Amino acid sequence: VERGEWPKVSIVTIVRYAVIVGHVVRVAMYPIGAPIRDAGQVRLLNRLKQHLPSPPWDWALEGPVRTDDLRAFDAIAANGSARIGFDAWTHIRDLQAQVRASMRKAADSGVDRLVLILADTRHNRAAVAEAGNALREAFPATTRQVLAALRAGKLPPANGIVFL
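About the criteria used
Residues numbered from 1 in each chain as written. Predicted model: local features only at pLDDT ≥ 70, side-chain atom pairs only at ≥ 80, totals over all residues. Heavy atoms only, no water. Helix = DSSP H or I, 4+ residues; strand = E, 2+ residues; numbered from the N terminus. Rg over C-alpha atoms; globule rule 2.2 N^0.38 Å. Contact = heavy atoms within 4.5 Å. Areas by Shrake-Rupley, 256 points an atom, 1.4 Å probe, with all protein chains shown as cover. Lys, Arg positive; Asp, Glu negative; His and termini not counted. Charge placed at Lys NZ, Arg CZ, Asp CG, Glu CD. Buried < 20%, exposed > 50% of the residue type's maximum accessible area, 1.4 Å probe, protein only. Pairing = 2+ DSSP bridges. Right-handed = clockwise from strand over helix to strand, strands pointing away. Arc of directions from axis to C-beta. Axes fitted to C-alpha atoms, helices over the stretch in contact; angles between N-to-C directions. Salt bridge = Lys/Arg side-chain N within 4 Å of Asp/Glu carboxyl O.

## Remarks on the overall build of the chain
Within the chain one finds six helices and five strands. The order of helices and strands in the chain, counted from the N terminus, is α-α-β-β-β-α-β-α-α-α-β. Expected size for 164 residues packed as a compact globule is a radius of gyration near 15 Å; at 17 Å, the chain falls within 12% of this value. By principal-axis analysis of the C-alpha atoms, the chain measures approximately 50 × 35 × 30 Å. Expressed as a percentage of contacts within the chain between residues at least 6 apart in sequence, the contacts between residues at least 24 apart total 57%. For the chain, the exposed surface amounts to about 10400 Å²; the carbon and sulfur share of it is 54%. Across the chain, the centroid of the 22 positively charged side chains sits 4 Å from that of the 15 negatively charged ones.

## Quick look at the pairing of strand β3 (residues 82-89)
In terms of burial, β3 is largely enclosed, as seven of its eight residues are buried. Pairing geometry for strand β2 (residues 72-79) and β3, over five bridges, is antiparallel. Its bridge partner being in β3, N79 is matched across the sheet by A82. What joins β3 to strand β4 (residues 113-118) is helix α3 (residues 95-109), and the crossover it makes is right-handed.

## Here we look at helix α2 (residues 39-49)
Residues G40, Q41, L44, L45 and L48 constitute the buried set of α2. Down the axis, α2 shows its buried residues gathered within 135° of arc, on one side only. The inward-facing, buried residues of α2 abut β1 (58-64), β2, β3, β4 and α6 (143-151).

## Thoughts on the environment of F139
Tracing the sequence through the fold places F139 in the loop between α5 (133-138) and α6. When its relative accessible area of 0% is taken as the criterion, F139 is described as buried. Placed 50 residues apart in sequence, F139 and W89 show a C-alpha to C-alpha distance of 15 Å. In this structure F139 touches V99, M103, L114, L116, N159, G160 and I161, once residues within four positions along its chain are discounted.

## As for the sheet that holds β2
With mixed pairing, the five strands of this open sheet are ordered in space as β1-β2-β3-β4-β5. A strand with exactly one partner marks an edge of an open sheet, and here the two such strands are β1 and β5 (160-163). Here the strands of the sheet are splayed against their neighbours by 30° on average, with no regard to which way each runs. Where β4 meets β5, four bridges bridge the pair, whose relative direction is parallel.

## Focus on the environment of A126
Structurally, A126 can be placed in helix α4 (residues 122-131). Sequence separation between A126 and I92 is 34 residues; the distance between their C-alpha atoms is 9.8 Å.

## With respect to the pattern of salt bridges
Going through the model one piece at a time under the given rule, you end up with six salt bridges. Here R66 ties to D69 by a salt bridge, and the two come within 3.7 Å at their closest N and O atoms. Note that K105 and D87 form a salt bridge whose closest N and O atoms lie 3.0 Å from each other. Placement of the pair is K105 in helix α3 and D87 in strand β3, with a sequence separation of 18 residues. For the pair shown, K105 and D87 are each scored as buried.

Structure, rendered in structure tokens:
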């Protein structure tokens, strides 16, 4: 079910399975193909874009994972054959779920790097610090390293987290 390999599953079945494994189901609906609606997220992306010189970076909001997939990165930057997927979060709500979704998009899209753009708030910094080494192993590049590479027109040394 999680991988989408079960084509017809009712919401009732999903809720039953969730209860069995100790989870609560939350359902959210989002418009298909609509532009970014979160003003805070747009501000974060605009601040990020200031660090990407054009050329060499080509920039696009709502970069699709694949043509046959409704998921998208909040932004994509490309420099020749290198591609970076950016996901921008104004507020960390469920770090594990948010990271899992971003990592799956990165794996399915084949981007060279995944960069999480986080609002520089006390809450977000505390959440990242609490996650500790597990998160830093998945995103070892620091804000400074990622932004320096982007300004130089280079691919960051690894996946990273940028606080803006």
